[in-house]
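Listed below, chain by chain, are the residues.
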Amino acid sequence: RKEVEQDPGPFNVPEGATVAFNCTYSNSASQSFFWYRQDCRKEPKLLMSVYSSGNEDGRFTAQLNRASQYISLLIRDSKLSDSATYLCVVTGGYNKLIFGAGTRLAVHP
Amino acid sequence: DAGVIQSPRHEVTEMGQEVTLRCKPISGHNSLFWYRQTMMRGLELLIYFNNNVPIDDSGMPEDRFSAKMPNASFSTLKIQPSEPRDSAVYFCASSLTGSYNEQFFGPGTRLTVL
């Protein structure tokens, strides 16, 4: 079983739609959680950290459920520029980040 | 400010050749990470340095791979001899005080081994 599992997609949505991505992780000892964004043929970049209480950054909302070892990302009012791969990331062991394989989002006009 | 710098951006080589990838982390960052990304395996951590010292190299696939960090501003990842299955995008990332803080990735080196 992979340490971080994500639906690879692609999610094809129209502009303005709301879309949600889910992620599960296997290491119950993981302490920190993140969503990274990766554009085609580019490097990953931090989108947002995920806190136990849930957190919001503009159109993006991240949620964490430690009991179920589940992380989610909600994007409201999708823009064409949101098209990318979204990587779920958890800490694993000493100072290591474990990346999921990513969920691909395609927003169309 | 300059981000993480990697060179070369693209490398095409033949099986059996030595390949050296280079990375300059963001000035002031004390942690450096080498990752490999492929379609099949996603993004994998190869090795992690803290204050120029290798902390975890459990992700290094085999003895053909080696990494060094002679000073705070430079690191290399060497593959000798290279094989076609080493073809991937190799990313270097740096952060301050370890991976609980944001890691900043370089643009990557796209390696093709023929």
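The shown structure was predicted, so the numbers you read here are calculated from the model rather than taken from an experiment. (Residues numbered from 1 in each chain as written. Chains lettered and ligands numbered in written order. Predicted model: local features only at pLDDT ≥ 70, side-chain atom pairs only at ≥ 80, totals over all residues. Heavy atoms only, no water.)

Caption draft 1: Focus on the state of the cysteines. Scanning the entire structure with this criterion turns up two disulfides over all chains. Covalently, Cys23 of chain A is tied to Cys88 of chain A through a disulfide, its sulfur atoms 2.0 Å apart. Measuring handedness by torsion sign, the sulfur bridge of Cys23 of chain A and Cys88 of chain A sits at about -70 degrees and is left-handed. Residue Cys23 of chain A is located in strand β3 (residues 19-25), and its partner Cys88 of chain A is located in strand β9 (residues 84-91); the two are separated by 65 residues in the primary sequence. Judged by its relative accessible area of 0%, Cys88 of chain A is buried. Sulfur-sulfur distance for the disulfide between Cys23 of chain B and Cys92 of chain B comes to 1.9 Å. Linking Cys23 of chain B and Cys92 of chain B, the disulfide has an S-S dihedral of approximately -70 degrees and is accordingly described as left-handed. Placement of the pair is Cys23 of chain B in strand β3 (residues 19-24) and Cys92 of chain B in strand β9 (residues 88-95), with a sequence separation of 69 residues. (Disulfide = S-S within 2.5 Å. Helix = DSSP H or I, 4+ residues; strand = E, 2+ residues; numbered from the N terminus. Buried < 20%, exposed > 50% of the residue type's maximum accessible area, 1.4 Å probe, protein only.)

Caption draft 2: Examining the pattern of salt bridges more closely. All names here are of chain B. Inspection of every chain in the model, using the stated rule, returns twelve salt bridges over all chains. Arg36 is the partner of Glu44 in a salt bridge, and the nearest nitrogen-oxygen pair spans 3.4 Å. Residues Glu44 and Arg36 agree in their burial class; the two are buried. A salt bridge links Glu83 to Arg64; the nearest nitrogen and oxygen atoms lie 3.5 Å apart. Here Glu83 is found in the loop between β8 (74-79) and β9, whereas its partner Arg64 is found in the loop between β6 (53-56) and β7 (65-71), with 19 residues between them in sequence. For Glu83, a relative accessible area of 22% gives the class partly exposed. (Salt bridge = Lys/Arg side-chain N within 4 Å of Asp/Glu carboxyl O.)

Such coordinate-based values are descriptive only and should not be taken to indicate function.
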